[in-house]
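# An overview of the molecular structure
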Amino acid sequence: MMNNKKSISSIELTVTDIKQYFFCPRVIYFTYCMTLIRPTTTKMEFGKQSHKREEGLQKRRSLVKYQLIKGERRFNLRLRSERLGLVGALDMAIFTRREAIPVEFKMSARGLSLNHKYQLAAYAMLLEDELFVRGKPRVICRGPLKPRRYVRRGFIHYIPNRRVYEIEITPNMREHIKRVLGEIRQMIATESMPEANRRKNRCRDCEFARFCADIT
Ligand code: SF4
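Below, the structure is looked at part by part. (Residues numbered from 1 in each chain as written. Predicted model: local features only at pLDDT ≥ 70, side-chain atom pairs only at ≥ 80, totals over all residues.)

### Focus on the overall build of the protein chain
Scanning the protein chain for helices and strands turns up seven helices and six strands. Listed by position from the N terminus, the elements making up the protein chain come as α-β-α-α-α-β-β-β-α-β-β-α-α. Taken across its 216 residues, the protein chain has 27% of its residues classed as buried. For the protein chain, restricting intrachain contacts to residue pairs at least 6 apart in sequence, the fraction spanning at least 24 positions comes to 67%. (Helix = DSSP H or I, 4+ residues; strand = E, 2+ residues; numbered from the N terminus. Buried ≥ 20, exposed ≤ 12 C-beta atoms within 10 Å, placed from the backbone. Contact = placed C-beta atoms within 7 Å.)

Here it is, written out as C-alpha cells:
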C-alpha cells in the first residue's frame, strides 16, 4: 500500500481507466490491485478488428459526418500528459486550421453513454496538452496553432449504426476528469475495493464478472 502523496500522484493512468471507472469503479480495483486477473475476451478482440476496419473506411470517406469540409486525419495517436499523469491511444484526430478534434470509434449500439463522453473528454485534454503545454507543436498536426481552447469538441462514432455524436468539451467536464483521476489514484494507493455496481445489467457485460464475488 502506498503511503505518501508523491507516490499517489505518480501513478500513471490510462484513458481507458477513466472509461472503466465510470462503468464500474471496481473494474479499476481488479485491474490495478489484482494484477493476476487479466481477462482477454472475444469481445475485446472483435472490437480491435472493427476499429482497424473503420480506420480503413475513414481513409476513403469525406468528413461530412463530422460537418467538416476539410481536415487532416491522423489515426491511433499515442498521447501522454505529464501534467495529468495520463496516457492513451486516440482512434482518430481531425486537424483543421482552427481546431484539433478527437474522434473515438465505438462498437456499442446502445447509444451515447456517460463513460464514452468522459473518455472523449480525457482524450481532448491529452490532445490539448500534447499540442500546447509542451510549448511547441508536435508532428501530429500541420499548420498554425492557436490558443489552448483549440480543442473544444469531439465526436463519438458508433460503428454498428454509423451514428456520430458531437460532444462539447466543457470546463466542468475537464474539472471532473481531474477529480476522477484523483479518486482512482486514491483507490489504487489504498487498495480499497469499491462497492459492487448497483446496476446489475452492467455486470452481465463485464469482463471481470467471473472474478467478482458480489454479483447476483
Ligand atoms: S461484475 Fe459488476 S460489480 Fe463486478 S466489477 Fe464488473 S460491473 Fe463491477
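Next, the rest of the story.
### Here we look at helix α3 (residues 25-33)
Looking only at α3, the buried set comprises Arg26, Val27, Ile28 and Phe30. Check the buried side of α3 and you find it contacts α2 (15-23) and α6 (171-190).

### Comments concerning unusual backbone geometry
One non-glycine residue with positive phi stands out, namely glutamine 67, at about 55°. Mapped onto the secondary structure, glutamine 67 falls in the loop between α4 (42-60) and β2 (72-81). What makes glutamine 67 exposed here is the crowd of 9 C-beta atoms within 10 Å. At asparagine 76, a residue that is not glycine, the phi angle is positive and equals roughly 50°. Note that asparagine 76 resides in strand β2.

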